[in-house]
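Take a look at the letters that make up each chain.
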Amino acid sequence: MSYPDLLERLATTYPSRQSARRMITRDIQHLATLGIVITRSKHSPITYTLQGGIPIYSGEDLLALGVLRDTIGTNHPYTESVERLLTRLTAGLSSEQREIYQSQRSSSVALQPAINYTPYAQLIADLERAIVSRRLLTFRYRTSAGKERIHTRIEPYAIEYYDRHFYLVAYIPKSGQIQDLRIDRIKNLEYLHTRPPGIQRTREPVIFRYRLAANLAQGELSQRFTAQRVVERLANGDVIIEAEGRSDFFIIQTLLRYRANAELLSPPELRQRMIEEVGRLVKLYGEG
């Protein structure tokens, strides 16, 4: 609000217009002591902007803050940022409010990555800025086999969290595909020029079929894949399911969790990859 508008708005609040300017200045100083940030514009007309203060929480608000606190696990990249924010938001709670806020939530499940991602918070922030600004990237990437590759002119599109890891979803020119790259394996990130307008690549989902054992096919299907539908029910109670997966790797790793209760049927090339993966496991444990 500009200063003249402020004077007009407060005309009935202060005893006289002559003393209003002095009293407004005094009250602005009082507000600052309450933790309210007051910004005075540098240009005319002078405008004051107030931010902050102690918020008023309902019981539902306090429960929601507690859920946020209990959901972000210690390995999450934004753990420290969330903790600082919650400390500021709850600094003025009464003893009764604090008791509600600090009570444990039986329904809360911590979002706990498999490794400590707090050292990668800045990298994730840099990647998010690149996604918003459509910047191409170059960086070194360590594969699951421990080899380092240099990726150049990478087009970043999203950051996703699954299998307890954070992944950069990006188009890789060398492979001509959109792939998922584990963020903790990225280093020496550099920004390149902005992606030309009109270029927006999408990843086609992998459509596949698998057999699910009868003991797991009863009731509602687990939503590990998207667009799932039962295409056939077998005499023994097993079902054939058609679904969509984000990548070959994701489909194979997810189905392996079912152990012998699931069989990847098609497409043939994806089934062959599963056979090779299982063969490596047999060889590994057979040698043991």
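Let me begin by describing the structure that accompanies this report. A quick note: this is a predicted structure, and the numbers were derived from the prediction, not measured. In every chain, residue numbers begin from 1 and rise along the written sequence. Selection of residues for local features in this predicted model requires a pLDDT of at least 70, selection of side-chain atom pairs for listing and counting requires 80 or more, and totals for whole chains, interfaces and linings are taken over all residues. Side-chain numbers come from the whole structure's heavy atoms, not from hydrogens or water.

### Section: helix H6 (residues 121-133)
Our working definition: Segments assigned H or I by DSSP are reported as helices when at least four residues long, segments assigned E as strands when at least two residues long, and all are numbered from the N terminus. Under the convention used throughout, the expected extent of a helix is 1.5 Å for every residue step, that is, one less than its residue count. For every residue, the accessible area (1.4 Å probe, protein chains only) is compared with the maximum for its type, and the residue is labelled buried under 20%, exposed over 50%, or partly exposed between those bounds.
With 13 residues, H6 should reach 18 Å at 1.5 Å per residue; the first-to-last C-alpha distance of 18 Å fits that figure. Burial in H6 covers these residues: Ala121, Leu123, Ile124, Ala125, Asp126, Leu127, Ala130 and Ile131.

### Examining the packing of helix H3 (residues 59-71) against helix H5 (residues 95-102)
To be explicit about the condition: Axis definition: a line fitted to C-alpha atoms, limited for helices to the stretch in contact. Angles are taken between N-to-C directions and run from 0 to 180 degrees. We call two directions roughly parallel when the angle between them is under 35 degrees, roughly antiparallel when it is over 145, roughly perpendicular when it lies between 65 and 115, and oblique otherwise. By the definition used in this description, the sense in which the near helix is turned from the far one sets the handedness, with an anticlockwise turn below a right angle giving left-handed and a clockwise turn giving right-handed. Contacts are assigned to residue pairs that have any heavy atoms within 4.5 Å of one another. Gly falls in the polar group here, along with every residue not listed as nonpolar (Ala, Val, Leu, Ile, Met, Phe, Trp, Tyr, Cys, Pro) or charged (Asp, Glu, Lys, Arg).
In contact at an axis separation of 8 Å, H3 and H5 are set at 45 degrees when each is read in the N-to-C sense. It follows from the interaxial angle that H3 and H5 lie oblique. Note that H3 runs across H5; the crossing there is right-handed. Where H3 approaches H5, its residues Gly59, Leu62, Leu63, Leu65, Gly66 and Arg69 are matched on the opposing element by Gln97, Ile100, Tyr101 and Gln102. Classifying every residue of the contact of H3 with H5 by side-chain character gives five nonpolar, four polar and one charged.

### Thoughts on the environment of Gly176
Here Gly176 shows up in the loop between strand S5 (165-172) and strand S6 (177-182). C-alpha separation for the pair Gly176 and Leu212, spaced 36 residues apart in sequence, amounts to 33 Å.

### A look at the sheet that holds strand S9 (residues 226-233)
Inclusion rule: Two strands are counted as paired when DSSP detects at least two bridges linking them.
With antiparallel pairing, four strands are arranged side by side in an open sheet as S9-S10-S8-S11. With one partner strand each, in any of the chains shown, S9 and strand S11 (262-266) form the two edges of the open sheet. Ignoring strand direction, the axes of neighbouring strands in this sheet form an average angle of 30 degrees. As paired strands, strand S8 (residues 206-212) and strand S10 (residues 239-245) are joined by seven bridges and run antiparallel to one another. The residue bridging Ile207 from the neighbouring strand is Glu244, located in S10.

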